[in-house]
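As a plain string of letters, each chain reads:
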Amino acid sequence: MLGPTFVKLGQSLSVRPDVLSEVFLHEFEQFQDSVAPFDHDEAMQMLLEDLGLRSLSELFMEFGRAPVAAASLGQVYRARLTNGREVAVKIQRPRLNETVSLDVLVARQLAKLLVSRRHMLPKGLQDNDFVGFVDAFGQRLFDELNYDGEVKNAQRFQKLYGDQEKLKVPTVFPKLTTRRVITMEWIDGVKLTDKAAIRKLGLDPLDFITVNIECTMRQLLEHGYFHADPHPGNFFVTKRGELCVLDFGLMSEMPKESRLALIQHIVHVVNRDYEGMANDYVNLGFLSRDIDVRPIVPQLAAFFDPRLEAGVSAISFKTIVDGLDEVIFKNYQFKVPAFYALVFRSLVTLEGLALTIDPNYKVLSAAYPYVARRILLDAELRSSLVELLVVGGEAASRTAQAASFRWDRAANLLRESSKSTVAIPGSKPSEGRSDTALLLDLASTLVEDDAFRRTLISELASTADVIIADFIGAAVGRLVEGEGSTGEVGRRAVGLRGEDQERVLKVRETVDLLAEKVVNKLPSRENAFEIAMQAAASAASGAANQALTSLQQSILGQPQPEPDSKEGRPGVTDVAGEFFGQLGERAAVRTLKSLARLIGGEESEEGSDRASSSKPASGRSSRKT
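Calculation criteria
Residues numbered from 1 in each chain as written. Predicted model: local features only at pLDDT ≥ 70, side-chain atom pairs only at ≥ 80, totals over all residues. Heavy atoms only, no water. Helix = DSSP H or I, 4+ residues; strand = E, 2+ residues; numbered from the N terminus. Buried < 20%, exposed > 50% of the residue type's maximum accessible area, 1.4 Å probe, protein only. Contact = heavy atoms within 4.5 Å. Phe/Tyr/Trp six-rings, centres within 6.5 Å; stacked < 30°, edge-to-face > 60°. 1 Å grid on protein atoms, 1.4 Å probe; cavity = no way out; pocket = protein on both sides within 12 Å on 5 of 7 lines; lining within 4 Å. Points joined across faces, edges and corners; volume = space filled by probe spheres on them. Core = buried A, V, L, I, M, F, W, Y, C linked by side-chain atoms within 4.5 Å. Polar contact = N/O pair within 3.5 Å; in protein donor to acceptor, adjacent residues only side chain to side chain. Patch = residues over 30% accessible without salt bridge, like charges linked within 9 Å, V, L, I, M, F, W, Y side chains within 5 Å. Areas by Shrake-Rupley, 256 points an atom, 1.4 Å probe, with all protein chains shown as cover. Salt bridge = Lys/Arg side-chain N within 4 Å of Asp/Glu carboxyl O. Axes fitted to C-alpha atoms, helices over the stretch in contact; angles between N-to-C directions. Parallel < 35°, antiparallel > 145°, perpendicular 65-115°, else oblique. Nonpolar A, V, L, I, M, F, W, Y, C, P; charged D, E, K, R; others polar. Pairing = 2+ DSSP bridges.

J.: Before we move on, can you summarise the overall build of the protein chain with the specific residues and values?
T.: Each helix and strand counted, the protein chain has 22 helices and 13 strands in total. A total of 625 residues make up the protein chain; the buried ones form 45% of that total. For the protein chain, the proportion of contacts with a sequence separation of at least 24, taken over those separated by at least 6, is 67%.

J.: Hey, could you go over the packing of aromatic side chains for me, with residue numbers and the actual values?
T.: Enumeration according to the criterion identifies six aromatic pairs in this entry. Pairing Phe157 with Phe248 gives two aromatic rings, centres 5.1 Å apart and planes at 50°, and the pair type is tilted. Here Phe248 lies in the loop between β10 (243-245) and β11 (251-253) and Phe157 lies in helix α6 (residues 147-161), a separation of 91 residues in the sequence. We note that Phe157, like Phe248, is buried. The structure contains a cluster of three or more aromatic residues connected by ring pairs, namely Phe60, Phe63 and Tyr77.

J.: Mind laying out empty space enclosed by the protein, listing which residues take part and the relevant values?
T.: Inspection of the entire model under this criterion finds four cavities of 30 Å³ or more. The computed volume of the largest cavity comes to approximately 440 Å³. Mapped onto the lining of the largest cavity, the elements with two or more residues apiece are α8 (205-223), α9 (256-271), α12 (317-329), α13 (338-357) and α14 (363-377). Counted as a void, the second largest cavity has a volume near 90 Å³. Taken together, Phe157, Asn212, Thr216, Gln219, Phe226, His227, Pro230, Phe235, Val245, Ser346, Leu350 and Leu353 make up the full set of residues lining the second largest cavity. For the lining of the second largest cavity, the elements supplying multiple residues, two or more each, are α8, β8 (225-227) and α13.

J.: So what's going on with the nonpolar core? Which residues, and what values?
T.: Counting 100 residues, the largest nonpolar core has Leu192, Met217, Tyr281, Leu287, Ile296, Leu300 and Ile328 as the members making the most contacts within it. Looking at this core element by element, the count peaks at eleven residues for α13. Those residues within four positions of Leu300 in sequence are excluded, and the remaining contacts are Tyr274, Met277, Ala278, Tyr281, Asp305 and Val327. Ranked by size, the runner-up nonpolar core spans 20 residues in total, among them Ala43, Met46, Leu59 and Tyr77.

J.: I'd love a proper account of the side chain of His268, names of residues and values included.
T.: Residue position: His268 is located in helix α9. A polar atom in the side chain of His268 sits 3.4 Å from the backbone oxygen of Gly276. A polar atom in the side chain of His268 sits 2.7 Å from the side chain of Asp280. When sequence neighbours within four positions are dropped, the list of residues in contact with His268 reads Asp273, Gly276, Met277, Asp280 and Glu387.

J.: Break down a nonpolar patch on the surface for me, citing the residues and quoting the values.
T.: Nonpolar side chains collect at one region of the surface, where Leu102, Leu105, Val106, Leu110 and Leu113 lie side by side and expose about 460 Å² of accessible area between them. Following the sequence through the fold, Leu113 ends up in helix α4 (residues 96-116).

J.: Describe unusual backbone geometry, listing the residues and the values that go with them.
T.: Here Lys166, not a glycine, exhibits a phi torsion of approximately 70°, which is positive. Along the chain, Lys166 turns up in the loop between α6 and β5 (167-168). Since its relative accessible area comes to 38%, Lys166 is described here as partly exposed. The residue Asp247 is not glycine, and still its phi comes out positive at about 65°. The topology assignment puts Asp247 in the loop between β10 and β11.

J.: Which residues make up the packing of α6 against α8, and what values do they have?
T.: Look at α6 against α8: their axes get within 11 Å of each other, and the N-to-C directions meet at 95°. Relative to α8, the element α6 is oriented roughly perpendicular. Listed contacts from α8 to Phe157, Leu160 and Tyr161 of α6 are Cys215, Arg218, Gln219 and His223. Each residue belonging to the contact of α6 with α8 can be placed in one class, and the counts come to four nonpolar, two polar and one charged.

J.: So, the sheet that holds strand β9 (residues 235-238): which residues are in play, and what are the values?
T.: With mixed pairing, the four strands of this open sheet are ordered in space as β5-β10-β9-β7. Among the strands making up the open sheet, the edge pair consists of β5 and β7 (189-191). When β7 meets β9, the two strands line up antiparallel, connected through three bridges. Pairing of Gly189 across the sheet is with Thr238, part of β9. Docked against the sheet, α8 engages β5, β9 and β10, running at close to 45° with respect to β10.

Here's what the structure looks like:
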């Protein structure tokens, strides 16, 4: 029979495509953690020794005569303390340290054998550090054997994520815990995979999948401290409608730079920026920095383009991992940092769990609201936000003409972020950081970015120009064709196109969504865009008066007021000046073009009349040379 180390090792290897081939991966997926319990009397003797008891009655009012669950490392009993509180007591298998030490030693020798026979391995695996993997795995396993460490893990998890709605982290009892015994709050509930039992409680299983997904996103992208053993047996749904997370023996941590790189990768996937994705694999540590990633770009496009046709939220975590396997793992020398192997395992296991409850469930779609909220409101992710909204790459930092603003993505971020209620780091309601304050901070920061400000102002000026032209065109159309006119003739005369109207609709949607987020009550949410336009008109009037006053002061030699800015930061006047300057230029150009069209149209009509009156009687057309 395989020792507990090999059960755990098999589970870990099942998510290491850089260590084993696909055939072996499939075999290792068959490892299960469920094993026969060990002797009850021996378990009780360990419990008494570790807690310093002469009899169970000194501490327990009741104690189960058989374990309620058994696993590779220990078994769990249900008990009741003398104060009446129900607890779960997990007791480690006897002589486990010696057994695991022997297992790790055997595994290390096997790893050395693989290294010595590396020439017989597939090319992609020949340079892998098999011994290093076993050593890292052994260290994590020995950490898991120390239940004092599990208590600290559970307390830290509770501190970081316990504020999430509908999430339950059981209370642990450090004074009733030793290296081999751990005592924690007993949780009455049913397994997350038991759909029928959850529905009998009057609850919807999918609600708890969503809670689990949002909690996982926080673990991976917010604090980086995550549960690395998320198999179905570690999630229960309580009668109170909470998702309870169990077993904190195996935890892992992702460095901050890796978390930010992962969010950046999501942005590149959304943008279909395959060059950015290829560079991400270097930044994430999968590929060496001396590898030329340019050949990877078309391969990524060929794999992901067809799969992204239905939108990024429609693809799965497994699709992204398959893409790594198809494009990177099969073609390049690579390595997977230990914590990423656990991240992959966590995400793919989570997705599998969701699909057992609803085969059509879209995990990325459920995860995106939290990601959108982070990108939109987290000050650390400003560069990712700009990259997502301003299309034009590095050229955008040099000239606004090379960039364009994606109103559809802005609207989507606002819409999706509204579906998540999880607090952004540093913005808990108790700290007084509302969404309104965060959005105002966002606006202030983005205005300071020259490239972003120029691009946004250019887009807004263009949109305002279209709206003004639409009003003028409609008025001209009524003058020319009468009151019943649709105004299309006038709109064509001022050069309006179908895509101009589409842009106005996108801006209108974004403004309405932004107003809904920032303003608690509006006279009518649908009127937010009109309110904004009225404000712009008032601002235009004020800017015109200010410009006239400034001109008079210049002519009379009077001193001008200090600009509305501090330490070189653009103030309201600066931004308004840029906006109305661009709007004025666009209006002037459109007016000149409109006049040219109108005059050209009249001349062509007059020329046509003259040509028809001078036609030869024979009806033959004359040809100009």
